[in-house]
Every structure is written in structure tokens, then in C-alpha cells.
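Here is what each chain is made of, one letter per residue.
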Amino acid sequence: MVVSTSSTASSPPIPKGGGGGGRRQPPRVLSIPVRSSRRRSLSASGGPDRSGVPVPASRDPISLPRPLTSADLMEPSGDGLKVAYQGCPGAYSEAAAKKAYPSCHTVPCEYFETAFQAVEGCLADRAVLPLENSLGGSIHRNYDLLLRHRLHIVGEVRLAVRHCLLANQGVKIESLRSAMSHPQALAQCEQTLTKLGIEHREAVDDTAGAAKLIAEQKLQDTAAVASSLAAELYGLDILAENIQDDTDNVTRFMMLAREPIIPRTDKPFKTSIVLSLEEGPGQLFKALAVFALRKINLTKMESRPHKKRPLRIADDNCSAPLKHFDYLFYVDLEASMADPNAQNALGNLKEFATFLRVLGSYPIDVSEA
Ligand SMILES: O=C(O)C(=O)C[C@]1(C(=O)O)C=C[C@@H](O)C=C1
């Protein structure tokens, strides 16, 4: 889904290191008029008004909090919410932010890390960042950043990514030598670009940024791989549509917030964790058995180098000590942290994992990508 230009409320981009300075929004106070069972001659504060004349309750209703409903516990749809994403206006990440929070204000950020910092520093309320693509695989940088920052995953959103080939007005496909885009987008279109006879690839920070640069520099031999919205925003022609190598090209994004959401069991939830284990035979098998024995389905597993301790020295009675690679395992479970079965599984895992952190428990995106 690509959001139309007119509905895109966006703020100026936040450069790298843009955190700090912002203020936390005060919590929303829920107030509705209620019928009072107290003495009707009292004002809302329980006494007469400034003139000493008793005020009827109907003129100045008493504000009492209404009971919370399950709808209050869910993520807001985005009214007034500031949502950080990486890239320029017209990037797929912005479309994902709009899909996740339809009435939000999008905040473009230069780097993934800037989006994390924007939420931590209260310049934005949420960040929406890509985690994996059906063709290109995982976006490892964001897995690593999840551990370097203390934000919580509060949701996921899947977006159908339909790439276009964009060039300045009058440029023909035959005269193109180079394609410029985000490395993931270039990888998703590799075969099509080769078939079109475009030999060179130029990687930039985001798809819309490529479109912007080509328009600004009036390049005649280079096309951008980007969205149709980017063509509209930067005044480029669409030379070809749907150029991704697989028609079902989907990117999964995570929604991040400073506070976790309250997990529930009345709808399908996913829980994302990260762990590390002792070295030794069967350790990973033991960790996965914790879930298998409780019939908890795993939807994804990713291993990344343990940045703080990338190599583990083992003395295996050899002349020189052996150096093993040391890993962190990111696992997605099809379970809610409100489910005692999942709680028991994690309790069991904690008994032997050398490190365990719950990154978030959030509703599964079951919408059409
Ligand atoms: O460059 C963009 O438009 C992005 O939103 C980034 C990104 C990515 O990081 O994977 C997002 C979706 C597409 O898979 C291609 C690029």
C-alpha cells in the first residue's frame, strides 16, 4: 500500500543523533459527563462555585474516569502520534508507518539508529523499521540495534512492496546504464534490472532518496528503483512498474515504543526474544525443546554475532586454545506473554540460557500485505 501525497503529514527529517530535547506527552485524561448520585447542589469540585451559588450538576459535569475497555489496551490508530522511519518521504518505510498508524505524523530519519534515538529522546512516539523481506531476507542492522537500545516491539506490519523504475522526463530505458536504490530494493529487482540491460548498481540509504537525488542532479543515465509515490513526489517518470523479481514481494516491519503493550490472549500474539547459550552439544536443541514440548510454534529464528564477545575461547586440551564464534539467537514465538504456557517456557529457558531478553509481545499482523 502506498499512501497518497495529500494524506502524508510529515515533519522535517531528523539527522543522525537527533535524540534528546523533546518532552514526554502528558497521559490522556479520559473524561465523560456522568450522572451524579451525590448532592445535586454541588459543583464538580464537590462545593459551591466562586459566587457561593450551588451549581447544578448538569451545567458542570463531574469528571470521573470511565472504566478501561480492552480497546484502550491496544495500540492507538495514530491520531497525533509522531512516527519515526528511516528514509525520505516516499520511502516504503513511510508507507508502512501509515499502514500501522493511519492518522499519524511521519518523521523521516537519516539512519535506522536515528529513528531509535528519536523515540528514546521523545522526539517521536513510535518508530516503524524493516526487519525482513520475503526476497532479500533479514535486515540485520535492526536486529543488532534492538539490543543496543531499550525500546519495545509493540506491533508488526507487513507491506507489499511494488517497485517501479523511475527516471527524469524524456529518459528512455535503452539509455540507462545504472540503477540506484536501497541495497535491499536493488537485490529484490536484480534479475529484472539485468534483463532490462541495466548493468551498474548504485546503493544509497533509501529508495525515495535515490529518486530525490536523480531528480535534483537531473541524471540522464541513471534510474531509481522506488515507489510510485516517490515518482509523484520528485517529479520523475515511471518507466516500468512491478519490477521486483517476485510478484509477492513483502517486507515485514516492527513498531517500536518506549513502553511495552499489555499482552492479551483474545487474539493471535507473537513474542520476540533474544538469548545466548553455553557452548556445547545439544544446547540449542535444549532451548528449542522448551517450546516444542509446550507445542509453541516458532515463526522465525536469526543468529547474530555476540558483539560484546564475538569469539569464545575454549581450552579443549589442544596445544592452542580453540576460538568458537559466539552467537545471539533472535526467536519469534507464536504465543502471547499473557499465556501461562509461554511464561512457563521462558521460565524454563531462563534456567540455562546465559542471557534472555523479551523484546516484545504484540498482535500478529493478519491483514493483507
Ligand atoms: O528504502 C526504502 O524505501 C525503505 O523503506 C527501506 C527498505 C528496506 O530497508 O528493506 C524497506 C522496504 C523495501 O524492502 C526496500 C527497502
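Remember, predicted model here, so these are calculated numbers, not experimental data. (Residues numbered from 1 in each chain as written. Predicted model: local features only at pLDDT ≥ 70, side-chain atom pairs only at ≥ 80, totals over all residues. Heavy atoms only, no water.)

This part is about the nonpolar core. Grouped together as the largest cluster of nonpolar side chains are 43 residues, with contacts concentrated most on Tyr-101, Phe-116, Val-128, Leu-129, Met-254 and Leu-256. Counting the residues that make up this core, at least three belong to each of domain 1 (10–23 + 75–160) and domain 3 (262–363). When sequence neighbours within four positions are dropped, the list of residues in contact with Met-254 reads Phe-116, Ala-127, Val-128, Leu-129, Leu-131, Asn-142, Leu-146, Ile-153, Gly-155 and Glu-156. Grouped together as the second largest cluster of nonpolar side chains are 18 residues, Tyr-85, Cys-164, Leu-219 and Tyr-234 included. (Core = buried A, V, L, I, M, F, W, Y, C linked by side-chain atoms within 4.5 Å. Buried < 20%, exposed > 50% of the residue type's maximum accessible area, 1.4 Å probe, protein only. Domains from an automatic or database assignment. Contact = heavy atoms within 4.5 Å.)

With respect to the element layout, Gln-184 can be found in helix α4 (residues 183–188). When its relative accessible area of 16% is taken as the criterion, Gln-184 is described as buried. In this structure, Gln-184 is in contact with Asn-133, Gly-136, Gly-137, Ser-138 and Ile-139, ignoring residues within four places of it in sequence. (Helix = DSSP H or I, 4+ residues; strand = E, 2+ residues; numbered from the N terminus.)

On the secondary structure map, Pro-363 appears in strand β19 (residues 355–363). Separated by 99 residues in sequence, Pro-363 and Arg-264 place their C-alpha atoms 8.5 Å apart. Ignoring sequence-local partners within four residues, the contact set of Pro-363 consists of Met-74, Val-154, Glu-156, Ile-261, Lys-267, Pro-268 and Phe-269.

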